[in-house]
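# Summary of the model geometry
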Amino acid sequence: MNTGIFDSLGISTDIVIIVLAAIIIIQFILIFSIISKCNRLTNRLNRFTSGNDASNLEEVMAKRFSEMRQIVKNEKQQNRDISAINDKFLTTFCKIGLVKYDAFKEMSGKLSFSLALLTENHDGIIITSMHSREGCFTYCKEVTNEESYYILSEEERLALNVAIGTEGSKEAARERENRKPDIVY
């Protein structure tokens, strides 16, 4: 009998059958391993989806994604609101400087004051009120970019510096409040 190809190559048919049997056994082992992993994954999925909410897991996930979309929408609205607040903040008085003093020698109790109210861009007003025995005099001076078109008194300049936050201005204001002024208006 002619065995053909294997005899011409010098390979025994017994060896070919043994090799093929070994390959089949290895394939069965791999198949059982894959089936085992698949069963473990199926069991994990069953455990994940079992319980009270197993029937509506898809609904829960859809609800969570809807909530996430709403959170993103809310965040965009909050960012717009914050931007609007920042725009308004530039025009509001956020820097304040107050200096109290005695404007006239015959008056005591530091009833006179200069109040600087400035925006973030250092624009605003300085209100000065001077008390005397005859009455109260109040003045308002406009400030643009840390400067006024009107001549500022020492107290007004100090109040402006306190509002701006110039170094040493707060200490100078405290020192000014503690001493009696020599200046008579």
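Quick look at the sheet that holds strand S4 (residues 136-144) now. As summarised here, the arrangement of the 5 strands in space is S1-S2-S3-S4-S5, forming an open sheet in which the pairing is antiparallel. The open sheet terminates on both sides in strands that have one partner only, identified here as strand S1 (95-101) and strand S5 (147-148). This element, helix H4 (residues 154-164), spans S1, strand S2 (112-118), strand S3 (124-131), S4 and S5 of the sheet and lies at about 145° to S1.

Despite not being glycine, Asn 145 shows a phi value in the positive range, around 50°. Among the secondary structure elements, Asn 145 is positioned in the loop between S4 and S5. With a phi close to 70°, Glu 146 is a non-glycine residue in the positive phi region.

With that out of the way, let us pick up the pattern of salt bridges. Tallying each qualifying case throughout the model produces 2 salt bridges. One salt bridge in this structure joins Arg 64 and Glu 67, with 3.2 Å as the shortest N-O distance. Taken together, the positions of Arg 64 and Glu 67, both in helix H3 (residues 57-89) and 3 residues apart, correspond to about one turn of that helix. A residue is classified by how much of its surface remains accessible, and Glu 67, at 33% relative accessible area, is partly exposed.

On the surface, Ile 5, Phe 6, Leu 9, Ile 11, Ile 15, Val 19, Leu 20 and Ile 23 cluster together to form a nonpolar patch covering roughly 730 Å² of accessible area. Looking at the nonpolar patch, the elements that each hand over two or more residues are helix H1 (5-9) and helix H2 (13-49). Among the elements that line the nonpolar patch, the one with the most residues is H2, at 4 residues. Here Ile 11 shows up in the loop between H1 and H2.

What counts and what doesn't
Residues numbered from 1 in each chain as written. Predicted model: local features only at pLDDT ≥ 70, side-chain atom pairs only at ≥ 80, totals over all residues. Heavy atoms only, no water. Pairing = 2+ DSSP bridges. Helix = DSSP H or I, 4+ residues; strand = E, 2+ residues; numbered from the N terminus. Contact = heavy atoms within 4.5 Å. Axes fitted to C-alpha atoms, helices over the stretch in contact; angles between N-to-C directions. Salt bridge = Lys/Arg side-chain N within 4 Å of Asp/Glu carboxyl O. Buried < 20%, exposed > 50% of the residue type's maximum accessible area, 1.4 Å probe, protein only. Patch = residues over 30% accessible without salt bridge, like charges linked within 9 Å, V, L, I, M, F, W, Y side chains within 5 Å. Areas by Shrake-Rupley, 256 points an atom, 1.4 Å probe, with all protein chains shown as cover.

The values reported here are purely geometric and, on their own, carry no functional implication.
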